[in-house]
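For reference, the chains in residue letters:
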Amino acid sequence: MQPKSSNHWLLCALLALSPSASTAQQEHWRKVNGVALQSLFKDNEFGDGVHFAYQFKANGTFTGTEMSKRVSGSWQVRDNEFCWKWLRPPGPEECYQVQRDGAHIRLMINNSEAWYGTLEALR
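As the structure is a prediction and not an experimental result, all values here were calculated from the model. Within each chain, residue numbers correspond to sequence positions counted from 1 in written order. Predicted model: local features are reported for residues with pLDDT of at least 70 only, side-chain atom pairs are reported and counted for 80 or more only, and whole-chain, interface and lining totals are derived from all residues. Side-chain measures were taken over the full set of non-hydrogen atoms in the model, leaving aside hydrogen atoms and water.

## Some details on the environment of Gly47
The helix and strand labels rest on DSSP assignments: H or I over at least four residues marks a helix, E over at least two residues marks a strand, and numbering proceeds from the N terminus. Within the secondary structure, Gly47 is located in strand E2 (residues 44-47). A C-alpha to C-alpha distance of 9.3 Å links Gly47 and Glu66, two positions 19 residues apart in sequence.

## Topic: the state of the cysteines
In this description, a disulfide is simply a cysteine sulfur pair whose atoms lie within 2.5 Å. Under the definition given, this model contains one disulfide. Here Cys83 connects covalently by a disulfide to Cys95, the sulfurs 2.1 Å from one another. In this structure the cystine formed by Cys83 and Cys95 twists about its S-S bond by roughly 115°; its chirality is therefore right-handed. Here the residue Cys83 occupies a position in strand E6 (residues 81-88), and Cys95 occupies one in strand E7 (residues 90-101), the gap between them amounting to twelve residues. Buried means the residue's accessible area, taken with a 1.4 Å probe over protein chains only, is under 20% of the maximum for its type, while exposed means over 50%, and partly exposed covers the values in between. Take Cys83: its relative accessible area is 1%, and that puts it in the buried class.

## Points about the nonpolar core
Nonpolar side chains in soluble globular proteins generally cluster together in the buried interior. Buried Ala, Val, Leu, Ile, Met, Phe, Trp, Tyr and Cys residues that are joined via side-chain atoms within 4.5 Å together make up what is termed a nonpolar core. With 20 residues, the main nonpolar core has Phe41, Phe46, Tyr54, Phe82 and Trp84 as its most contacted residues. Setting aside chain neighbours within four positions, we find Phe41 in contact with Phe46, Phe56, Trp75, Phe82, Val98, Ile105, Leu107 and Leu119. Between two residues, a contact is recorded if the distance between any of their heavy atoms is within 4.5 Å.

Spelled out as structure tokens, the structure:
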């Protein structure tokens, strides 16, 4: 067996010291408040591409699907939080702080991520 060349060890050292792709693409989450929060959801769809997709209308209602089942309810912004109340299936009102990184959205409760998805304009 031949000893490894010094170039091999240099390459290994450089790879170990270089930032990985995940750290090179840093996240830039920003809290969304007030009027910006209202306009963020209005006439947009929030979804994860697989499990859920909710369409938020300007009149304060939403419809959509979750795990292939139809859902609907109402939404509003109150005290710098996004709040929704599910009518189908029935559920209590839930309110979240909202963070945004480009099109990516996190709904947070007590600084923990409850929902994650992307926003795009309604078609």
